[in-house]
Structures are given as C-alpha cells and as structure tokens.
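# Structure at a glance
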Amino acid sequence: MSELLFDVNLQQLPDDYLTGDWHVADRVLNRTNPATTLARAERFHLEPGRVAIQAPGQQDVGNWLVQRDTLLNRPYLELNMEQEQTRALVTRLRRSRDGTSSQLSLYFQSGMEMQLTRP
C-alpha cells in the first residue's frame, strides 16, 4: 500500500467507511480458538447489514452493525454470524483521501487482534 493514509476520527466514523472487501493482513490470536472461521479468516466482505467471511475451506455469513459505547462513543463492530457471535472494538481506521485504500484494526472480545486492508 503506497498511498498516503490518514487516521479517521473514530468518534465520527461513518458506518459506510467499513463496507467493502477487506483482506486480513495480520492477526494475533491470543486466547482465540485457532480452528474457528473467524480466527482463520482471509477475507471479509461487508455490505450494509451483511457480512461474509472466507477462510481456507470455510465460510461464514451473517449480519453486522456498528454499536457505540455511551461514555466515549467508541465504535464496536457487532458480528452475528451463523457459526459465531462476537464483538470487536475498532481501534484504528486509516484511509486514503479518495477512500480506495484503507487499514482497519480490530480488537475482539476473545483478545484476538486483526488488521484488515483494502484493496
């Protein structure tokens, strides 16, 4: 990713900044079961209200939405899939000026950390 990326203010994060096809660039599992589709994910496809996760030989689909905590207005990504329900704090989002390139950092309830990139 050679484009210059800028940090997005997470307290003002529009949900549509999360839509699109994401590639899992890095992950740290911590206590997460390494056999789950989410832990093995290579790609996320987020469209309004729908999510599809692809891992080697596995796939999971479901719904997603952004929830915010009342104190700091931090965004959480709620994933309600067929095989798993979880929540991840959006810890960082960086985007190019035109929005074609992005990096998204998530911290899941299980302790797993994941960095997604687009394209």
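The structure this text deals with has already been given above.
Throughout what follows, the structure given in this document is the object of discussion.

### Describing the overall build of the chain
For the chain, the count of helices and strands is 1 helix and 9 strands. Counted from the first residue to the last, the chain has its helices and strands arranged as β-β-α-β-β-β-β-β-β-β. The C-alpha radius of gyration computed for the chain amounts to 14 Å, which stays within 12% of the reference 14 Å derived for 119 residues, consistent with globular compactness. Counting only C-alpha atoms and orienting by the principal axes, one finds that the chain spans roughly 35 × 35 × 25 Å. Counting the 119 residues in the chain, one finds 41% classified as buried. Across the chain, every contact between residues at least 6 apart in sequence was considered, and the portion connecting residues at least 24 apart equals 43%. Split by element, the accessible area of the chain, about 6,700 Å² in all, is 45% carbon and sulfur. Across the chain, the centroid of the 13 positively charged side chains sits 4 Å from that of the 15 negatively charged ones.

### Points about the environment of Ala88
Its location among the elements puts Ala88 in strand E7 (residues 85–95). In this structure Ala88 comes out as buried when scored by relative accessible area, which is 0%. Between the alpha carbons of Ala88 and Gly111 there is a distance of 9.2 Å; along the sequence they are 23 residues apart. Setting aside its immediate chain neighbours within four residues, Ala88 contacts Pro75, Tyr76, Leu77, Leu106, Tyr107 and Phe108.

### Quick notes on the nonpolar core
Residues Phe44 and Leu79 are the most contacted members of the largest nonpolar core, which totals 27 residues. Sequence-distant contacts of Phe44, that is, excluding residues within four places in its chain, are made with Gly20, Asp21, Trp22, Val24, Leu38, Val51, Ala52, Ile53, Leu79, Met114 and Leu116.

### Quick word on the packing of aromatic side chains
Enumeration over the complete set of coordinates arrives at 0 aromatic pairs. Seen from the ring of Tyr76, Arg87 lies directly overhead, with NZ or CZ sitting 3.9 Å from the centre. Here the guanidinium or amino end of Arg95 rests over the ring plane of Tyr17, the centre of that ring lying 3.6 Å away.

### Some words on the pairing of strand E3 (residues 43–47)
Burial along E3 is one-sided: the face carrying Phe44 and Leu46 is buried and the face carrying Arg43, His45 and Glu47 is not. For E3 and strand E4 (residues 50–55), the ladder comprises 5 bridges, and the chain directions are antiparallel. What sits directly across from His45, in E4, is Ala52. The antiparallel pairing of E3 with E4 creates a hairpin that spans 2 residues between the two strands, and Gly49 there sits at a positive phi of about 85 degrees.

### Focus: the pattern of salt bridges
Considering all chains together, one arrives at 4 salt bridges under this definition. Arg92 is the salt-bridge partner of Asp7, the closest N and O atoms lying 2.9 Å from each other. In this pair, Asp7 sits in strand E1 (residues 6–7) while Arg92 sits in strand E7, placing the two residues 85 residues apart along the sequence. When its relative accessible area of 38% is taken as the criterion, Arg92 is described as partly exposed. Ionic pairing is found between Asp7 and Arg94, a salt bridge with its closest N-O pair at 3.3 Å. Of this pair, Asp7 sits in strand E1 while Arg94 sits in strand E7; the two residues are 87 residues apart in sequence, bridging distant segments of the chain. Three or more residues are tied together by salt bridges with common partners; here these are Asp7, Arg92 and Arg94.

What counts and how
Residues numbered from 1 in each chain as written. Predicted model: local features only at pLDDT ≥ 70, side-chain atom pairs only at ≥ 80, totals over all residues. Heavy atoms only, no water. Helix = DSSP H or I, 4+ residues; strand = E, 2+ residues; numbered from the N terminus. Rg over C-alpha atoms; globule rule 2.2 N^0.38 Å. Buried < 20%, exposed > 50% of the residue type's maximum accessible area, 1.4 Å probe, protein only. Contact = heavy atoms within 4.5 Å. Areas by Shrake-Rupley, 256 points an atom, 1.4 Å probe, with all protein chains shown as cover. Lys, Arg positive; Asp, Glu negative; His and termini not counted. Charge placed at Lys NZ, Arg CZ, Asp CG, Glu CD. Core = buried A, V, L, I, M, F, W, Y, C linked by side-chain atoms within 4.5 Å. Phe/Tyr/Trp six-rings, centres within 6.5 Å; stacked < 30°, edge-to-face > 60°. Lys NZ or Arg CZ within 6 Å of the ring centre and 35° of its normal. Pairing = 2+ DSSP bridges. Salt bridge = Lys/Arg side-chain N within 4 Å of Asp/Glu carboxyl O.

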